[in-house]
Amino acid sequence: MADEKSIHYPLEKIRNIGIAAHIDAGKTTTSERVLFYTGRTYKIGEVHEGTAVMDWMEQEQERGITITSAATTCFWKDCRINLIDTPGHVDFTMEVERSLRVLDGCVAVFGAVEGVEPQSETVWRQADRYHVPRIAYINKMDRTGAEFEKNVQQMRDQLGANAVPIQYPMGREDNFKGLVDLVTMKAIIFNDDSLGAKFQVTDVPADMLEVCKKARDYMIEKISEYDDALMHKFIEGQEPGEAEIKAAIRKGTVSLKMTPVVVGSSLKNRGVQQLLDAIVDYLPSPKDIPPVKGTDPNTGNEVSREADDKAPLSCYAFKIASDKFVGSLTYIRIYSGTLSSSSYIHNIRTGKTERLGRLLLMHSNKREEINEAGAGNIVAAVGLKDVKTGDTFCDENHPIQLESMFIPDPVIWMAVEPKTKADRDRLSDAIGKLVAEDPTFRVKTDQETVQTLIGGMGELHLDIKIDVLKREYNVQVNVGKPQVAYKETILGMAEAEGKFIKQTGGRGQYGHCYLKVEALERGKGIEFENKVVGGAIPREYIPAVEDGVMDACTNGVLAGYPVTDVKVTVFDGSYHEVDSSEIAFKMAGIFAFKDAFKKAKPVLLEPIMLVEALCPEEYMGDVIGDLNSRRCVIQELGNRGHLKSIRGLVPLAEMFGYATAVRSLSQGRATFTMEPNSYQEVPRMIAEKIITG
């Protein structure tokens with residue numbers, strides 16, 4: 001390897017991968033095993049003991065869940081693996097989204113008992129959005145009720161994946177002792193005493209020969225679709241070589257046409273090294289993926305950058321984390337060129353050039369200092385002042401703007417106020433840092449009550465943020481009741497006139513306009529159009545009318561919630577040579593919009609969540625009854641292993657405190673997951689209560 005302090009690893013030997021899945025499928029446990037086998041840790045960390053290296057935040061160790069994406073570098077078979085462990089809770093979807101944006105490949109972990117769960121589907125869709133090739137790893141094969149074929153079929157049905165097993169488990173549940181590698185047709189049996197580090201490779205046992213042969217034929221038939229020479233051999237009944245099979249699997253995986261399925265039990269240390277082999281053999285290196293595309297901010301033309309140390313610098317800031325020791329850490333994925341410490345880099349968003357402080361190689365929350373790093377690497381930078389998640393850094397003479405991330409709007413708001421005066425001074429500073437770290441966490445001030453409101457993706461999300469405020473920043477706060485992020489819109493169309501005329505001694509105020517408002521389809525936001533002809537309103541006053549409309553939209557008309565999905569057209573008006581001013585037209589715009597909005601069948605919209613509850617059959621009736629009382633529309637009932645699953649659409653407003661309710665209904669045996677689905681109209685009776693609120 002090159003000099004320790006500068007990281008220039010051959011590109012084809014780098015793998016940037018993430019481990020993503022549903023809550024409790026075993027992502028972090030798998031990551032911990034990977035670190036153990038690659039020699040990064042000498043003792044295996046455990047989630048249930050709170051000693052996992054990847055879960056380094058206190059809140060993570062207490063709750064046994066992963067909140068932030070921890071980034072780590074390790075080596076396996078002369079390949080450098082940059083590993084990112086991501087959260088499974090839907091409240092932290094942004095962390096997953098952010099990681100997938102910069103990864104080249106992904107390991108999707110599934111529990112052998114639970115199979116495909118709702119959050120697995122969310123993660124799968126996110127990986128599809130960013131075209132990330134993936135390997136499916138069926139974990140927990142040693143658990144009671146573990147299935148293999150059923151889960152592979154579920155991946156095909158529910159995720160639409162072309163799942164092709166390349167390993168086959170030997171035994172299930174307590175008898176799970178190893179696996180058969182279908183590529184080499186050898187059995188791998190694990191030795192329990194050596195924490196799975198030692199294993200025997202033997203011939204496939206006679207009683208499994210037929211099943212494995214069938215599975216292997218299926219695998220070869222599927223992968224030969226991506227390789228003509230292999231297809232030829234398959235048709236003629238010839239036996240393909242191991243190298244040919246591996247090359248075909250790699251081709252199919254990298255081109256997103258298939259998902260190889262491997263199997264194991266991370267907690268029992270079985271199958272993790274084979275998973276590492278699969279990562280190295282089948283997931284893409286930065287060279288295998290197409291060159292990164294972006295736009296030239298000067299010309300607006302599309303430009304691309306090859307993954308090459310010699311190319312002009314282009315890199316992407318995908319995460320910002322506060323660190324007690326060094327201040328703010330910016331995680332950066334280098335797409336092309338070389339990044340060196342104490343060099344100058346150009347930030348496209350701000351148009352400024354900043355000097356990099358130190359460059360660090362991260363190992364979860366420990367760090368190692370380096371001087372420079374080449375294309376394809378993931379590093380952390382210290383000393384960047386003005387940086388936000390999703391910023392592009394590049395060479396000033398060769399500018400490129402990389403595509404930014406999709407950031408969902410908050411669905412829930414909560415009022416916070418400092419307990420003491422000392423807390424008040426620290427609060428705005430601390431919240432500012434949290435907002436910089438997490439783009440889905442928002443802050444606003446309520447116009448009427450002058451309270452500080454924080455918004456996020458769910459109760460757990462805000463809970464953790466308040467916990468972080470108390471612990472990391474030592475800010476004690478009182479918390480209000482959670483509030484739902486309602487929106488206002490219209491169903492009809494209406495026109496109205498807005499006048500703002502004041503005549504006092506001296507110069508008066510004169511603004512006058514006619515607006516038309518009409519409904520747009522869901523998700524379109526607000527559109528403003530100018531159809532004034534003949535100079536009825538001079539051109540310089542049109543932006544003032546638009547400002548007024550936007551102002552009215554932000555503050556709402558019915559009950560003070562933001563307006564959405566409305567098209568506003570200004571089509572006429574009048575002005576006064578002397579008295580007209582921008583402020584007068586802004587006020588006229590506000591009056592006209594409010595008037596027109598009230599005439600156009602205004603309605604309130606509320607966030608609707610997709611909820612899935614899992615419970616034993618004997619509690620199913622109670623759980624369904626409770627969901628129905630919360631205005632839930634049940635979509636489907638199904639089986640998930642030995643549990644019953646209930647899926648439905650339910651208003652978020654009815655779901656506060658549901659975690660406690662569903663546990664008490666089922667003696668603590670039911671679990672549920674919830675994710676934002678859409679915005680829908682609030683029933684009239686309930687809307688009236690909210691408006692008069």
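Bear in mind that the values here come from a model prediction, so they are computed numbers and not experimental data.

Moving on, we get to the overall build of the chain. A tally of regular secondary structure across the chain gives 16 helices and 38 strands. Relative to its 693 residues, the chain shows a buried fraction of 55%. Approximately 30100 Å² of the chain is accessible, and the part contributed by carbon and sulfur atoms is 49%.

Scanning the model with the defined rule gives six aromatic pairs in all. Pairing Phe 148 with Tyr 168 gives two aromatic rings, centres 5.5 Å apart and planes at 75°, and the pair type is edge-to-face. Highlighted residues: Phe 148 in the loop between strand S6 (134–139) and helix H5 (149–159) and Tyr 168 in strand S8 (residues 167–170), separated in sequence by 20 residues. Judged by its relative accessible area of 9%, Tyr 168 falls in the buried class. With centroids separated by 5.6 Å and ring planes inclined at 40°, the aromatic side chains of Phe 593 and Phe 597 adopt a geometry described as tilted. Here Phe 593 and its partner Phe 597 are both found in helix H13 (residues 582–599), four residues apart, which amounts to about one turn of the helix. Directly above the ring of Trp 413 sits Lys 444, whose terminal nitrogen or CZ lies 4.3 Å from the centroid. Directly above the ring of Phe 441 sits Lys 465, whose terminal nitrogen or CZ lies 5.6 Å from the centroid.

Turning our eyes to something else, we now look at the sheet that holds strand S31 (residues 493–502). Taken in spatial order, the four strands make up an open sheet running S31-S32-S34-S33, and their pairing is mixed. The open sheet has two free edges, formed respectively by S31 and strand S33 (526–530), since each of these has just one partner strand. Sheet twist, expressed as the average angle between the axes of neighbouring strands with direction ignored, equals 25°. As paired strands, strand S32 (residues 509–519) and strand S34 (residues 566–574) are joined by eight bridges and run antiparallel to one another. Note that in S34 the partner of Lys 516 across the bridge is Thr 569.

To continue, consider the environment of Ile 583. Here Ile 583 shows up in helix H13. Look at Ile 583 and you get partly exposed, because its relative accessible area is 48%. Sequence spacing of Ile 583 and Asp 547 is 36 residues, and the spatial spacing of their C-alpha atoms is 9.6 Å.

Right, let's get into the pattern of salt bridges. Pairing between side chains becomes possible if they bear opposite charge and their charged atoms approach one another. With the rule as written, the count across this model stands at 18 salt bridges. Between Arg 250 and Asp 288 there is a salt bridge, and its shortest N-O distance comes to 2.4 Å. In this pair, Arg 250 sits in helix H8 (residues 242–254) while Asp 288 sits in the loop between helix H9 (272–282) and strand S13 (292–295), placing the two residues 38 residues apart along the sequence. Looking at Asp 288, the relative accessible area reads 34%, which means it is partly exposed. Look at the salt bridges and you will find they share partners, linking Glu 242, Lys 246 and Asp 281 into a network.

Turning next to the nonpolar core. Judged by nonpolar contacts, the single largest core of 63 residues is most densely connected at Ile 81, Val 107, Met 155, Val 180, Met 219 and Ile 249. It is H9 that contributes the most residues to this core, seven residues altogether. Every residue in contact with Met 219, bar those within four places of it in the chain, is listed here: Val 164, Pro 165, Ile 166, Leu 182, Val 183, Ile 245 and Ile 249. Counting 41 residues, the second-largest nonpolar core is a separate cluster that includes Met 414, Cys 632, Tyr 658 and Met 674.

Turning our attention to the environment of Val 517. By the secondary structure assignment, Val 517 is in strand S32. Under the relative-accessibility criterion, Val 517 is labelled buried at 0%. Considered as a pair, Val 517 and Phe 597 are 80 residues apart in the sequence and their alpha carbons are 6.9 Å apart.

Here we come to the side chain of Thr 259. Locating Thr 259 in the fold gives a position in strand S12 (residues 259–263). Discounting chain neighbours no more than four positions away, the residues touching Thr 259 are Trp 124, Arg 134, Ile 135, Ala 136, Ala 161, Asn 162, Ala 163 and Val 164.

Let us look at helix H6 (residues 209–223). Between its terminal C-alpha atoms H6 stretches 21 Å, which fits the 21 Å expected from 15 residues at 1.5 Å a residue. Along H6, the residues that are buried comprise Cys 212, Ala 215, Arg 216, Met 219, Ile 220 and Ile 223. One face of H6 carries all of its buried residues, which in axial projection span an arc of 135°. Residues of H6 that are exposed and point over 90 degrees away from its buried face: Glu 210 and Lys 214.

Across the chain, the average pLDDT comes to 80, with 86% of residues at or above 70. Confidence, read as mean pLDDT per element, is least for helix H2 (residues 58–63) in the chain (47) and greatest for helix H14 (residues 620–629) (92). Taken together, the stretch residues 47–51 has pLDDT below 50 and engages in nine contacts with residues farther than four places along the chain or on a different chain. Note that residues 60–69 has pLDDT below 50 and, in this model, 45 contacts with residues that lie over four places away or in other chains.

Relative to strand S14 (residues 302–305), S13 runs antiparallel, the two sharing four bridges. By the bridge assignment for S14, Lys 293 is matched with Ser 304. Hairpin connection, S13 to S14: the antiparallel pair is bridged by six residues, and Gly 300 has positive phi, about 80°.

The strand order S8-S9-S10-S11 describes an open sheet built from four strands, whose pairing is antiparallel. Only two strands of the sheet have a single neighbouring strand rather than two, namely S8 and strand S11 (199–203). Strand-to-strand twist in this sheet, taken as the mean axis angle between neighbours without regard to direction, amounts to 25°. Where strand S9 (residues 178–181) and strand S10 (residues 186–190) come together, four bridges link them in antiparallel fashion.

So, about the packing of H8 against H9. Two elements in contact, H8 and H9, have axes whose closest approach is 9 Å; the angle formed by their N-to-C orientations is 75°. Considering their axes alone, H8 and H9 lie roughly perpendicular with respect to each other. Where H8 abuts H9, its residues Lys 246, Ile 249, Arg 250, Thr 253 and Val 254 lie against Val 280, Asp 281 and Tyr 282. Of the residues contributing to the contact of H8 with H9, the split by class is four nonpolar, one polar and three charged.

So, about unusual backbone geometry. Although it is not a glycine, Leu 256 sits at a positive phi angle of roughly 65°. Structurally, Leu 256 can be placed in the loop between H8 and S12. A residue is classified by how much of its surface remains accessible, and Leu 256, at 38% relative accessible area, is partly exposed. Although it is not a glycine, Asp 565 adopts a positive phi angle of roughly 55°. Here Asp 565 falls in the buried class, since its relative accessible area comes to 2%.

The rules behind the values
Residues numbered from 1 in each chain as written. Predicted model: local features only at pLDDT ≥ 70, side-chain atom pairs only at ≥ 80, totals over all residues. Heavy atoms only, no water. Helix = DSSP H or I, 4+ residues; strand = E, 2+ residues; numbered from the N terminus. Buried < 20%, exposed > 50% of the residue type's maximum accessible area, 1.4 Å probe, protein only. Areas by Shrake-Rupley, 256 points an atom, 1.4 Å probe, with all protein chains shown as cover. Phe/Tyr/Trp six-rings, centres within 6.5 Å; stacked < 30°, edge-to-face > 60°. Lys NZ or Arg CZ within 6 Å of the ring centre and 35° of its normal. Pairing = 2+ DSSP bridges. Axes fitted to C-alpha atoms, helices over the stretch in contact; angles between N-to-C directions. Salt bridge = Lys/Arg side-chain N within 4 Å of Asp/Glu carboxyl O. Core = buried A, V, L, I, M, F, W, Y, C linked by side-chain atoms within 4.5 Å. Contact = heavy atoms within 4.5 Å. Expected span 1.5 Å × (residues − 1). Arc of directions from axis to C-beta. pLDDT = per-residue confidence, 0-100. Parallel < 35°, antiparallel > 145°, perpendicular 65-115°, else oblique. Nonpolar A, V, L, I, M, F, W, Y, C, P; charged D, E, K, R; others polar.

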